[in-house]
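# Residue-level structural notes
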Amino acid sequence: MNQEDYASEDAYEAGPGSVEDAEATRRDAGEAESSRASRGWWDRNADEYQSEHGAFLGDDRFVWGPEGLDEAEAALLGPAASLKDKDVLEIGAGAAQCSRWLAAQGARPVALDLSHRQLQHALRIGDDVPLVEADAGRLPFRDGSFDLACSAYGAVPFVADPVNVMREVRRVLRPGGRWVFSVTHPIRWAFPDEPGPEGLSVAASYFDRTPYVEQDEQGRAVYVEHHRTLGDRVRDVVAGGFRLVDLVEPEWPEWNSQEWGGWSPLRGNLIPGTAIFVCERD
């Protein structure tokens with residue numbers, strides 16, 4: 001994935017594999033620090049991420065989150081038949097699984113990710129999709145280059161300035177273009193990030209927007225994730241120049257028995273874990 005803005009130099013799930021003895025805290029983290037931390041985190045953890053979750057994600061499957069909502073069924077970008085000959089930008093593409101599914105429908109996807117190592121995994125799987133290593137806050141494309149844009153847990157949760165990302169996406173979309181992105185459901189920030197019963201009790205204020213940061217011994221961020229309330233996310237979409245068409249909160253399906261970080265059947269049957277924003281550029 002490009003985890004977009006997030007890692008400019010030196011994620012879906014925080015914690016394991018970050019940096020030894022990293023300290024977890026809540027503190028401010030600006031755009032540059034967030035981007036630097038994200039790139040470093042994803043470069044370090046891409047191998048483990050793809051090894052652990054690759055089978056679930058597939059090589060050419062479009063999954064919106066741990067619940068397993070599949071674009072083939074959800075059609076949030078539009079009916080599969082309508083994707084033929086569409087130019088599509090995937091932001092935070094990781095190993096480009098979603099882009100490969102789009103290509104199989106006849107679309108012309110471009111998979112963008114901030115992490116060089118994630119894109120190496122995309123090449124390992126196949127070289128059939130164009131790959132771009134870049135930051136979501138500075139998209140290297142001309143105005144009006146794409147018909148559609150999408151991001152499955154890529155970039156948006158990890159950037160300090162989500163409105164800037166929205167405006168960049170709007171810039172590269174053609175009029176009438178659709179932008180669909182998924183993030184951790186904001187309500188989850190009030191609960192511990194645990195898949196078991198301990199993750200069912202409110203432990204923090206939902207309204208505390210202070211970023212979650214893992215930092216090394218020198219106080220340098222090695223992982224950053226930014227919290228926005230549901231209302232904040234809606235306002236970000238509008239401020240970015242989009243019209244919100246739908247807000248999808250996938251229910252946990254009976255067939256899915258996996259645990260993925262703080263996502264699990266136990267929690268998924270009680271509280272939402274993913275929020276998907278379906279937006280259009282007028």
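Just above, that's the structure.
Here the residue numbers are simple positions, counted from 1 along each chain's written sequence. Where totals are concerned, whole chains, interfaces and linings use all residues; where local detail is concerned, this predicted model gives features only for residues with pLDDT of at least 70, and gives and counts side-chain atom pairs only at 80 or more. To get the side-chain values, take all heavy atoms of the structure and skip hydrogens and water.

## Some remarks on the overall build of the protein chain
Only DSSP runs of H or I covering at least 4 residues are called helices, and only runs of E covering at least 2 are called strands; the numbering of each starts at the N terminus. When helices and strands are counted, the protein chain shows seven helices and ten strands. As a reference, a globule follows 2.2 Å times the number of residues to the power 0.38, and the radius of gyration itself is taken over C-alpha atoms. For 282 residues, the compact-globule estimate of 2.2 N^0.38 gives 19 Å, and the protein chain sits close to it at 17 Å. Counting only C-alpha atoms, the protein chain reaches 45 × 40 × 40 Å along its principal axes. Buried means the residue's accessible area, taken with a 1.4 Å probe over protein chains only, is under 20% of the maximum for its type, while exposed means over 50%, and partly exposed covers the values in between. Evaluated residue by residue, the protein chain yields a buried proportion of 56% over its 282 residues. Residue burial considers only the protein chains on display, and all accessible areas are found by Shrake-Rupley using a 1.4 Å probe. Carbon and sulfur atoms make up 48% of the accessible area of the protein chain, which amounts to about 11,500 Å² in all.

## Considerations on the sheet that holds strand β3 (residues 108-113)
For two strands to be treated as a pair, DSSP must find at least two bridges joining them. Strands sit in the order β4-β3-β2-β5-β6-β10-β9 across an open sheet of seven strands; the sheet is mixed. A strand with exactly one partner marks an edge of an open sheet, and here the two such strands are β4 (131-133) and β9 (242-248). In this sheet, neighbouring strand axes are inclined to one another by 20° on average, regardless of whether the strands run parallel or antiparallel. Two elements, strand β6 (residues 173-184) and strand β10 (residues 274-281), share seven bridges in a ladder whose sense is antiparallel. What sits directly across from Ser182, in β10, is Ile276. Working rule for contacts: check all heavy atoms of both residues, and any pair within 4.5 Å makes them a contact. For helices, the fitted axis covers only the stretch in contact; all axes are lines through C-alpha atoms, and the angles between them, taken along N-to-C directions, range from 0 to 180 degrees. Contacts from helix α3 (residues 97-104) reach β2 (87-91), β3 and β5 (146-152) within the one sheet, and its direction differs from that of β3 by about 175°. Running at roughly 145° to β9, helix α6 (residues 230-239) makes contact with β6, β9 and β10 of the sheet.

## Details of the pattern of salt bridges
Definition used for salt bridges: Asp or Glu carboxyl oxygen within 4 Å of a side-chain nitrogen of Lys or Arg. Under the counting rule described, the total for this entry stands at 19 salt bridges. Across the pair Asp135 and Arg138 runs a salt bridge, and its minimum N-O distance is 3.4 Å. One network of salt bridges, in which partners are shared, links Asp85, Asp87, Arg108, Asp147 and Arg174.

## Details of the nonpolar core
Buried Ala, Val, Leu, Ile, Met, Phe, Trp, Tyr and Cys residues form a nonpolar core when they are joined through side-chain atoms within 4.5 Å. Among the nonpolar cores identified, the biggest contains 26 residues, and Leu89, Ile91, Val169, Trp179 and Phe181 are the most heavily contacted of them. At the level of secondary structure, the elements contributing two or more residues to this core comprise β2, β3, β5, α5 (162-172), β6 and β10. Counting 17 residues, the second-largest nonpolar core is a separate cluster that includes Phe62, Ala107, Leu148 and Val278.

## As for the sheet that holds strand β1 (residues 23-26)
In a beta sheet, neighbouring strands pair by backbone hydrogen bonds and run either parallel or antiparallel. Taken in spatial order, the three strands of this open sheet run β1-β7-β8, and their pairing is antiparallel. Each end of this open sheet is capped by a strand with a single partner; those strands are β1 and β8 (221-225). Averaged over neighbouring strand pairs, the angle between their axes works out to 20° when direction is ignored.

## Let's talk about the environment of Ala190
Position of Ala190 among the secondary structure elements: in the loop between β6 and β7 (212-215). Sequence spacing of Ala190 and Leu200 is ten residues, and the spatial spacing of their C-alpha atoms is 9.6 Å. In this structure, Ala190 is in contact with Ser201, Val202, Ala203, Ala204 and Tyr206, ignoring residues within four places of it in sequence.

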